[in-house]
Amino acid sequence: MESNTVSVIMCTYNGEKYLREQIDSILAQTYPIHEIIVCDDCSTDNTMAILQEYATRFTFIKVHQNEKNKGCNQNFHDTLYKATGNYIAISDQDDIWFPEKIEKQLHQIKGKQEYILCFSDIIASTTFSREQTKDYENLPYTAEALLFRNTIPGHTILVKRTFIESLPDWNNMTFYYDWWLAMNAALVNGITKCNVPLVWHRIHSESEIAHTSRKLSQERNHSPIAPYILGIKSFFNIRKNKSWQCFYGNIQRQTSQTNHPILHLITRLFYCKTLYGIIKLCLTCMRYREQTYPHPHKEKGMIFALRGFFAPFLCFYYNLQFMKKDRQMLPPCH
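Residues numbered from 1 in each chain as written. Predicted model: local features only at pLDDT ≥ 70, side-chain atom pairs only at ≥ 80, totals over all residues. Heavy atoms only, no water.

So, the packing of helix 8 (residues 226–238) against helix 14 (residues 311–318)
So, point 1. Running from amino to carboxyl end, helix 8 crosses helix 14 at an angle of 80 degrees, the nearest separation of the two axes being 7 Å. Between helix 8 and helix 14, the crossing angle belongs to the class labelled roughly perpendicular. On the side of helix 8, the interface is formed by A226, P227, Y228, L230, G231, I232, S234, F235 and I238, while helix 14 contributes P312, F313, L314, F316, Y317 and Y318.
So, point 2. The residue makeup of the contact of helix 8 with helix 14, split by class, is 13 nonpolar, 2 polar and no charged. (Axes fitted to C-alpha atoms, helices over the stretch in contact; angles between N-to-C directions. Helix = DSSP H or I, 4+ residues; strand = E, 2+ residues; numbered from the N terminus. Parallel < 35°, antiparallel > 145°, perpendicular 65-115°, else oblique. Contact = heavy atoms within 4.5 Å. Nonpolar A, V, L, I, M, F, W, Y, C, P; charged D, E, K, R; others polar.)

In structure tokens, the structure reads:
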């Protein structure tokens, strides 16, 4: 059992409304938890009082509070490196874990082939449910599917601690921490999935996703053609960003024509400066749209092909995390 110790990390910010339910669901796991490490990002409500109450009752709960607000990504980055268990499970403050989550994930990650990262499907809704209803989300996890967007949310992840410690430096980067973990694991074919929902992901107006969506709505042009036109400008600007260079440069370095050839080709074309190179990039994205968009919209014809062609512009138009001017839009961890 010593080699299978599991640390749970959680980052909090003004989470008093839902925090108890989530902690209780972690404490109710059928697999024993080695430690729960919580790092609060300068909450102004009763979050710290609730955490200290639990820490008094359970000695394996360790509570930290940042001296200044770090934001979601940096807070999770720093907290991941505080864990001492052989495996790390990542928790949001406002979800509910099903009791068998850790037990099933650990069994899956240590199956016939030992993997680096395990995640599960989720139930995402406004009200609690364990049923596979219309709110059930089947999440893809190929490296190609992760190229333009994160399809593996952090609250579903169980990951080997030694893998995190082996990653290239990603301190002070603005891309989402869970996207970085998932992409790096996918590049070495180290991801496995529990094909059942193990987390109820609570949908509510105070969440980080809702906060970011509101900011995006305020800052972006709502014209249907804006992403296609303004996205071109975003693409050229975004390539100058250090976080973009770190994320996609890492993919370029770890891939080749024999190992993830689609990723290698597309990320190499990302750096083109000529019109010919950019057109070739767009045509390549259109050609491999089934791989990069494994669960596309229902349309499969010309509209899907058009979106594939403009994929780099569309994705980077909506991707706030890589834009320097949008860095302040990344919210504290909710």
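A closer look at the packing of aromatic side chains
So, point 1. Counted according to the given criterion, the structure contains 28 aromatic pairs.
So, point 2. Ring centres 5.4 Å apart and planes at 70 degrees place the aromatic pair F119 and Y141 in the edge-to-face group. Here F119 is found in strand 6 (residues 117–125), whereas its partner Y141 is found in the loop between strand 7 (136–137) and strand 8 (158–160), with 22 residues between them in sequence.
So, point 3. The exposure class of F119 is buried, given its relative accessible area of 0%.
So, point 4. Classification of Y141 as partly exposed rests on a relative accessible area of 33%.
So, point 5. When the ring of Y228 is compared with that of F310, the centres are 5.2 Å apart and the planes differ by 85 degrees; the resulting orientation is edge-to-face. Of this pair, Y228 sits in helix 8 while F310 sits in the loop between helix 13 (302–309) and helix 14, placing them 82 residues apart in sequence. (Phe/Tyr/Trp six-rings, centres within 6.5 Å; stacked < 30°, edge-to-face > 60°. Buried < 20%, exposed > 50% of the residue type's maximum accessible area, 1.4 Å probe, protein only.)

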